[in-house]
Amino acid sequence: MSAPHQDDIDDAPELLDAEDALEEILDAEGDIAMDSDDEEPEEINLQNDSIAYFDAHKDSVFAIAQHPTQPSLIATGGSEGDGDDAPGKGYVFDTSPVVGRPVLPASYNADPSSQPQKSTELKPLFTIEGHSDSINALAFTLPNGEFLVSAGMDGRLRTYQLSVDAHNKPTFAFLAESQEVPEVNWLAPCPSQKFPNTIAIGASDGSVWVYTIDASDSSNPLQIVQSYFLHTAACTAGAWSPDGTFLATVSEDSSLYVWDVWGEAAAKNLVNDNGQTVVSLTGQDQRFGVEGGLYSVAVDPKSTLVAVGGAGGAVKIVGLPRLGADSQPASSKQSKSKAKGAEAGSAQGGTILADLHTQSDGIETLSFSPRQPLLAAGSVDGSIAVYDTSRRFAVRRHIKEAHEEFSVVKVEFVPGLGDGWVLTSCGMDGVVRRWDVRGAATSAESSLVREWKGHRGDGEGGGVLGFVEGATGERIVTAGDDGVVLVFEA
């Protein structure tokens, strides 16, 4: 109920005397107090370190993929607008025509007064169409990149066959389409040479699907190999073991399943009772459950460990079964620390080896070093943690504010650079950074090798949603939330 209206009360404001009205109000330092509207405008950072750009997208670029044998061939995907009915669209372009900038400083140029080299505008070679909603996942098949696969929020999976003519010009032709799920969350190509041109997807309904692409079978070129339905909520991430034997997937329901896709573990009687998995852990297990779910997963180079990351900064390390001739349990002569580190494991998988809580918010991305016993985790709190997998997963380095207070979107060790010590990251601050994680330290400055700017960030409708860098890391190509793809030279 509102208060009664009283007209008789004199509520007119008191007026200042004329002398008081002319008096200047001084602050503690004697300066005249000024209205906040008169403050100097905030400086805007327009730094752009890119050597090339692609700006055909009309909205955020959600997905990016790089050809495995022709790394200059890049595919990107996103939406054609911010409306709910905007279709998905993607492009393929070639970065090879881009000329690198000189390593020497400008003072060494023949004409130091000349204008700095401008970024090269890239043109599309092919347009990816046919999606009624955003394209949020892309991949070239392994090992040779014979096919390009796009997946979208419309649940469609579309495949294109790549051909290269005598002049090394690539062309793409639509091959087949599948739509078994309401929305595809992720897409991962199988690295096994025994099972080429195979991909896996995870869906919003929790299902997991494995397909093999065979262009020679005109009646069924996109073949379902396996489908799994054990997750009870959205399947948020998936990763193949480096040998392509296992597929690890996680879900919002806090479950981890490691699927025996090709039946190799079943042949050695190493699968769980369900006959499908070698690891089956759910949130019902209090040792494993993460309130808020799991959102990232990675498998170590030796296919002996799987790491999962989830809400609240939780990282869990789980052992995988060993299938090869050297798959015996760890020798009694090994130290306990080694048995609990990277060499842990036995014929049976599923042992929880570590429960890590270094970071304060969700773990969005995980990466194992290809050559060193290291695991990197990127968090929503803006930090990167690096663990030593050979020393009971001790924290080797915690780079706080690696991307200031903005989420770390992706971390990836560069395979062919720095003997496995060099890590690249991107975040919602719009910056790509490269770190050298040798030694033990806690400060970001002691690890930072270089950073590249050019995308909008800092909450200004921008951020970097992903990147590719090839085996050498010589060039980094980014997918921007601002709708732009940038090429940076390392």
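What am I meant to see in the overall build of the protein here?
The helix and strand inventory of the protein stands at two helices and 34 strands. Buried positions account for 46% of the 490 residues belonging to the protein. Excluding contacts between residues fewer than 6 apart, the proportion of contacts in the protein whose partners are at least 24 apart in sequence is 54%. Total accessible area computed for the protein in this model is approximately 23900 Å², and 47% of it derives from carbon and sulfur atoms.

Before we go on, may I ask you to explain unusual backbone geometry in this structure?
Note the cis peptide between leucine 142 and proline 143, where omega equals 10 degrees. Tracing the sequence through the fold places proline 143 in the loop between β7 (135-140) and β8 (147-152). Even without being a glycine, serine 254 presents a positive backbone phi close to 70 degrees. Examined against the element boundaries, serine 254 turns out to sit in the loop between β16 (246-251) and β17 (256-260). Of note in the backbone geometry, asparagine 269 takes a positive phi value of approximately 60 degrees without being a glycine. Secondary-structure assignment places asparagine 269 in the loop between β17 and β18 (277-281).

What am I meant to see in the sheet that holds strand β2 (residues 61-66) here?
Strands pair in a sheet through their backbones, by hydrogen bonds, and they do so in one of two ways: parallel or antiparallel. If you walk across this open sheet you meet the four strands as β2-β3-β4-β6, and the pairing is antiparallel. The outermost strands of the open sheet, each flanked by one partner alone, are β2 and β6 (124-131). Neighbouring strand axes in the sheet, compared pairwise and without regard to direction, differ in orientation by 20 degrees on average.

Got a minute to help me understand the pairing of β16 in this structure?
Each regular strand shows side chains that alternate between the opposite faces of the sheet. With respect to burial, β16 is a largely interior element, six of its six residues being buried. The two faces of β16 match: Phe246, Ala248 and Val250 on one face and Leu247, Thr249 and Ser251 on the other face are all buried. Bridge count for strand β15 (residues 235-240) against β16 is five bridges, and the pairing is antiparallel. Across the sheet, the residue bridging to alanine 237 is valine 250, located in β16. Connecting the antiparallel pair β15 and β16 is a turn made up of five residues, with glycine 244 showing a positive phi of about 75 degrees. Across five bridges, β16 lies against β17 in antiparallel orientation. Bridging across to β17, leucine 247 finds its partner in tryptophan 259. Here β16 hands over to β17 after four residues, with serine 254 in that stretch at a positive phi of 70 degrees.

What's the story with the nonpolar core in this structure? I'm lost.
Generally speaking, a soluble globular protein has its nonpolar side chains buried in company with each other. Core analysis: the biggest nonpolar cluster contains 23 residues, and Leu256, Val258, Val279, Val297, Val306 and Val308 have the highest contact counts within it. Those elements giving two or more residues to this core turn out to be β15, β16, β17, β18, β19 (294-299) and β20 (305-310). Filtering out sequence-adjacent residues up to four positions away, valine 258 remains in contact with Phe246, Leu247, Ala248, Gln276, Thr277, Val278, Val279 and Leu320. Counting 17 residues, the second-largest nonpolar core is a separate cluster that includes Val184, Ile201, Ala203 and Trp209.

Got a minute to help me understand the confidence of the model for the protein in this structure?
Low pLDDT marks stretches whose predicted atomic positions should not be read closely. Overall, the prediction assigns the protein a mean pLDDT of 86, with 81% of residues at 70 or greater. In this model residues 103-111 is a low-confidence stretch, pLDDT under 50, and it forms three contacts with partners more than four residues away in sequence or in other chains. Predicted confidence for residues 325-346 stays below pLDDT 50, and this span has 32 contacts to residues more than four positions away or in other chains.

Hey, could you run me through a negative patch on the surface in this one?
Together, Glu401, Glu404, Glu405 and Asp458 give the surface a local cluster of negative charge. Tracing the backbone through its elements, the reader meets glutamate 404 in strand β27 (residues 402-405). A relative accessible area of 36% means that glutamate 404 is categorised as partly exposed.

Can you help me understand the side chain of threonine 76 in this one?
Locating threonine 76 in the fold gives a position in strand β3 (residues 73-79). A distance of 2.8 Å separates polar atoms of two side chains, one belonging to threonine 76 and the other to histidine 57. Residues contacting threonine 76, with those up to four places away along its chain left out, are Phe54, His57, Val61, Ala63, Ile64, Lys89, Gly90, Tyr91, Phe93, Ile128, Leu138 and Val485.

Can you help me understand the pairing of β20 in this one?
Across the six residues that make up β20, a large majority, six, are buried. Both faces of β20 are covered, namely the face carrying Leu305, Ala307 and Gly309 and the face carrying Val306, Val308 and Gly310. Taken together, the five bridges between β19 and β20 define a ladder with antiparallel strand orientation. Looking at the pairing, alanine 298 lines up with alanine 307 of β20. Between the end of β19 and the start of β20, which pair antiparallel, lie five residues, with serine 303 showing a positive phi angle near 60 degrees. Where β20 lies against strand β21 (residues 315-319), five bridges are found, and the strand directions are antiparallel. Residue pairing in the sheet places leucine 305 in a bridge with glycine 319 of β21. Here β20 folds back onto β21, and the loop between the two strands holds four residues, one of which, glycine 312, carries a positive phi near 70 degrees.

About the cut-offs
- Residues numbered from 1 in each chain as written.
- Predicted model: local features only at pLDDT ≥ 70, side-chain atom pairs only at ≥ 80, totals over all residues.
- Heavy atoms only, no water.
- Helix = DSSP H or I, 4+ residues; strand = E, 2+ residues; numbered from the N terminus.
- Buried < 20%, exposed > 50% of the residue type's maximum accessible area, 1.4 Å probe, protein only.
- Contact = heavy atoms within 4.5 Å.
- Areas by Shrake-Rupley, 256 points an atom, 1.4 Å probe, with all protein chains shown as cover.
- Pairing = 2+ DSSP bridges.
- Axes fitted to C-alpha atoms, helices over the stretch in contact; angles between N-to-C directions.
- Core = buried A, V, L, I, M, F, W, Y, C linked by side-chain atoms within 4.5 Å.
- pLDDT = per-residue confidence, 0-100.
- Patch = residues over 30% accessible without salt bridge, like charges linked within 9 Å, V, L, I, M, F, W, Y side chains within 5 Å.
- Salt bridge = Lys/Arg side-chain N within 4 Å of Asp/Glu carboxyl O.
- Lys, Arg positive; Asp, Glu negative; His and termini not counted.
- Charge placed at Lys NZ, Arg CZ, Asp CG, Glu CD.
- Polar contact = N/O pair within 3.5 Å; in protein donor to acceptor, adjacent residues only side chain to side chain.

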